[in-house]
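Next come the chains, spelled out residue by residue.
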Amino acid sequence: MIRRIWSAEWLKVKRTWIAALTLLGPAGIIACLMVDYAIRSDYILKIYPDEWTGLILEASMILPTAIMMGVTLFASLLAGLEHQTNAWKYSLALPLSRFQLYLGKGLQLVFLLFLCSVLTSLGFAFLWVWNGFEADIPWLELFQGTLYPLLAALPVIMIQLWLSVTLRNQALPITVGVLGATIGAALAEWLPWAYPTNALPVDTENLGRTAQEPEKWVPVGIVLGILLLILGGWNFTRREVK
Amino acid sequence: MKAFWRICSAEWKKTQWWLVGVLAMAGPALGVLAGNTVTLQHSGMDDWTSMFAMTVQQYGWLFFPIIVGVFAALVCRYEHVNGGWKHLLALPVSRTHVYLAKGLMVAFCIALCQLALLLFFVAAGQVKGLDGDIPWGMFLQSVSAGWVAALPLAALQLWVSFVWRSFGVPLAINVIFTLPSIFALNSETFAPYYPWAQPVQAMIPAENGMFQIRTETLTFVIISGFLLAAVGGWQHFLRREVTE
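The rules we used
- Residues numbered from 1 in each chain as written.
- Chains lettered and ligands numbered in written order.
- Predicted model: local features only at pLDDT ≥ 70, side-chain atom pairs only at ≥ 80, totals over all residues.
- Heavy atoms only, no water.
- Contact = heavy atoms within 4.5 Å.
- Salt bridge = Lys/Arg side-chain N within 4 Å of Asp/Glu carboxyl O.
- Polar contact = N/O pair within 3.5 Å; in protein donor to acceptor, adjacent residues only side chain to side chain.
- Helix = DSSP H or I, 4+ residues; strand = E, 2+ residues; numbered from the N terminus.
- Nonpolar A, V, L, I, M, F, W, Y, C, P; charged D, E, K, R; others polar.
- Disulfide = S-S within 2.5 Å.
- Buried < 20%, exposed > 50% of the residue type's maximum accessible area, 1.4 Å probe, protein only.
- UniProt positions renumbered as here; feature names shortened; annotations may be inferred.
- Axes fitted to C-alpha atoms, helices over the stretch in contact; angles between N-to-C directions.
- Parallel < 35°, antiparallel > 145°, perpendicular 65-115°, else oblique.
- Left-handed = near helix turned anticlockwise from the far one by under 90°.
- Core = buried A, V, L, I, M, F, W, Y, C linked by side-chain atoms within 4.5 Å.
- pLDDT = per-residue confidence, 0-100.
- Expected span 1.5 Å × (residues − 1).

Chemist: Help me understand the interface of chain A and chain B, please; the structure alone is not making it clear to me.
Modeler: Accessible area lost during the coming together of the parts is what is often quoted as the interface size. Facing the 30 residues of chain A at the interface are 35 residues of chain B. At the surface where chain A touches chain B, the tally comes to 0 salt bridges. Taken together, the links from chain A to chain B amount to 2 residue pairs in polar contact (both at pLDDT 80 or more). At the level of secondary structure, the elements contributing two or more residues to the side of chain A that touches chain B comprise helix H2 (17–47), helix H4 (63–84) and helix H9 (171–187) of chain A. With 10 residues, H9 of chain A is the largest single contributor of residues to the side of chain A that touches chain B. Taken together, the residues of the side of chain A that touches chain B sort by class into 19 nonpolar, 7 polar and 4 charged.

This is the structure:
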């Protein structure tokens, strides 16, 4: 059953902004980094011990924020497909489990973000060649670099999913997501919005920055994310839908 | 003129003020909280100025440009859901008046946000017991400059929000353009020309120890940007066919 819900969800996003955003997001991040390297590559190569550390830490200025903003937008746009056409009523009238419908949206959201992650990693590889770095492309690290923050962002993903699905007016979910992405990380490291910022696979010991601890924040993110998905789905099954 | 005030008062009544209130206060409150957690580095500035610079950085860099877009999408939402544009524009009202009234509402919401920032910041500073006199002049100048600098963006977002029915699409456009301002501020020549990086540049105190601000260029770009976006949006709104 979940497989058919899944394919129905993909039909809905065909030729929408959601599809475009999956390409635009990663392209935007890579374009920013290309400009960054073009303007001050001497400085970047000087302050970091090696090329990979430089790349991921320069990317870290934008990557966690971009992931969380992307989460906010994708969640809002996916839920908006239903809200705008008053389609919840119809989907929920079908003989389907409500929990599975919610799960379907959640899986789709995670999968879209996963696509963005993979595309960004490929973009990193392109950047590596473009900049003419001499070392071999560190493929494993490139993929870890975007997937770790994404996995650590699972709690944020599930919070946004629940807010966007349950509230009709998207002003509040979007503002919560944007606040979390822009200010959340500065408040406290145990807040879900700080996990992606602290989950990069890089050793920052001697660089005078906050320590990156993916081995701690990735599992925390996964466990809390699954928990929030179940809680959100549980709440969704007992809501009244207009 | 009377007709215009009536449209304004209709806009006023349509607005969900509790929501605008929550949106306008949440950002400044968290921005002040985050600015507070940063330890003061005595870099020749007095405590008030240096804490203010920190707060403005948290609040103005990314959050403020995006909330401007949220307000612009919000004032158009009442018409977008349930086909309100058709109803509104079928009335004997001038489209210019409608456009102006919507624009004024957005400007007012942004002003509320800036006011909340000022109040929360001064309250937090008092609670923390910062030394010295409160530099009211600098604060007022900063929040009002931030307000003016956000107007080109507000006009642009209003335009985009008219065009797309979805709430998410104008916001997606806004976010895509806001994120590069993380990098734009590193470039002294490029930064004043980037509309999404203008509010934070206008707000941050002149001697902030982080960025060089070129005031003349900034003022010129803000004024011309506003004219471009406002006239463009207004003319398009006049001519656009309304189908829903």
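Chemist: Would you take a moment to explain the state of the cysteines for this structure?
Modeler: Two cysteines joined by a covalent bond between their sulfur atoms form a disulfide. All names here are of chain B. Inspection of the entire model under this criterion finds 0 disulfides over all chains. The thiol of Cys 109 is not disulfide-bonded; the next cysteine sulfur, from Cys 113, is found 9.0 Å away. Looking at Cys 109, the relative accessible area reads 1%, which means it is buried.

Chemist: Please clarify how the UniProt feature "transmembrane region" (unreviewed entry) in chain A should be interpreted in this entry.
Modeler: Under the present numbering, the feature "transmembrane region" (unreviewed entry) in UniProt falls on residues 16–39, 59–81, 102–130, 142–164, 171–191 and 217–236 of chain A. The distance separating the terminal C-alpha atoms of residues 59–81 of chain A is 32 Å; by composition the span is 87% helix and 0% strand.

Chemist: What am I meant to see in the packing of helix H3 (residues 47–60) of chain B against helix H7 (residues 136–163) of chain B here?
Modeler: Relative orientation and spacing of two packed helices are given, respectively, by the angle between their axes and the distance between those axes. Residues and elements named next belong to chain B. Close contact between H3 and H7 brings their axes to 11 Å; oriented N to C, the two are set at 15°. In terms of orientation, H3 and H7 fall into the roughly parallel class. In this structure, H3 meets H7 at a crossing whose hand is right-handed. Between H3, through Trp 48, Thr 49 and Phe 52, and H7, the contact on the second element is made entirely by Met 138, Phe 139 and Ser 142. Partitioned by chemical class, the residues of the contact of H3 with H7 number 4 nonpolar, 2 polar and no charged.

Chemist: Help me understand the nonpolar core, please; the structure alone is not making it clear to me.
Modeler: Nonpolar side chains tend toward joint burial in soluble globular proteins. Within the largest apolar cluster, 140 residues are counted, with the highest numbers of intra-cluster contacts made by Phe 124 of chain A together with Phe 71 of chain B. Here Phe 71 of chain B is in contact with Val 20, Leu 23, Ala 24, Val 106, Cys 109 and Ile 110 of chain B, once residues within four sequence places are set aside. Ranked by size, the runner-up nonpolar core spans 5 residues in total, among them Ala 152, Tyr 195, Trp 217 and Val 218 of chain A.

Chemist: It is not clear to me how the confidence of the model for chain B should be interpreted in this structure. Could you clarify?
Modeler: In low-pLDDT segments, the atomic positions of the prediction should not be examined closely. Residue and element names in this part refer to chain B. This prediction gives chain B a mean pLDDT of 87; 93% of its residues lie at or above 70. Mean pLDDT values over the elements of chain B span from 83, in helix H9 (residues 181–184), up to 93, in helix H6 (residues 95–128). Overall fold confidence (pTM) sits at 0.90, and the ipTM for the predicted complex is 0.87.

Chemist: Hey, could you run me through the side chain of Ser 142 of chain B in this one?
Modeler: Tracing the backbone through its elements, the reader meets Ser 142 of chain B in helix H7. Beyond its immediate sequence surroundings of up to four residues, Ser 142 of chain B is in contact with Phe 52, Ala 202 and Met 203 of chain B.

Chemist: Just to check I follow, could you spell out the pattern of salt bridges for this structure?
Modeler: Pairs can form between side chains of opposite charge whenever their charged atoms are close. Scanning the entire structure with this criterion turns up 11 salt bridges over all chains. Put simply, Glu 58 of chain A and Arg 40 of chain A hold a salt bridge, and the shortest N to O gap is 2.9 Å. Highlighted residues: Glu 58 of chain A in helix H3 (residues 51–59) and Arg 40 of chain A in helix H2, separated in sequence by 18 residues. A salt bridge links Lys 102 of chain B to Glu 11 of chain B, with the shortest nitrogen-to-oxygen separation between them at 3.0 Å. Linking Lys 102 of chain B in helix H6 with Glu 11 of chain B in helix H1 (residues 2–14), this pair joins segments that are 91 residues apart in sequence. With respect to burial, Lys 102 of chain B and Glu 11 of chain B carry one shared label: buried.

Chemist: Could you clarify how one ought to interpret the environment of Ala 124 of chain B in this entry?
Modeler: Examined against the element boundaries, Ala 124 of chain B turns out to sit in helix H6. It is 30 Å that separates the C-alpha atoms of Ala 124 of chain B and Pro 180 of chain B, two residues lying 56 residues apart in sequence.

Chemist: Could you clarify how one ought to interpret the side chain of Glu 79 of chain B in this entry?
Modeler: All names here are of chain B. Of note, Glu 79 is situated in helix H4 (residues 63–80). Here Lys 14 takes part through its side chain, which lies 2.4 Å from a polar atom of the side chain of Glu 79. The residues contacting Glu 79, other than those within four sequence positions of it, are Lys 14, Gly 84, Trp 85, Leu 88 and Lys 102.

Chemist: Got a minute to help me understand H6 of chain B in this structure?
Modeler: Residue pairs spaced three or four apart in an α-helix point in one direction, given the helix's 3.6 residues per turn. All names here are of chain B. The end-to-end C-alpha separation of H6 is 50 Å, in line with the 50 Å expected for 34 residues at 1.5 Å each. Looking at where H6 begins, the residue whose side-chain oxygen comes 3.2 Å from the main-chain nitrogen of Thr 96 is Ser 94. Just past H6, the residue Gly 129 takes up positive phi, approximately 70°.

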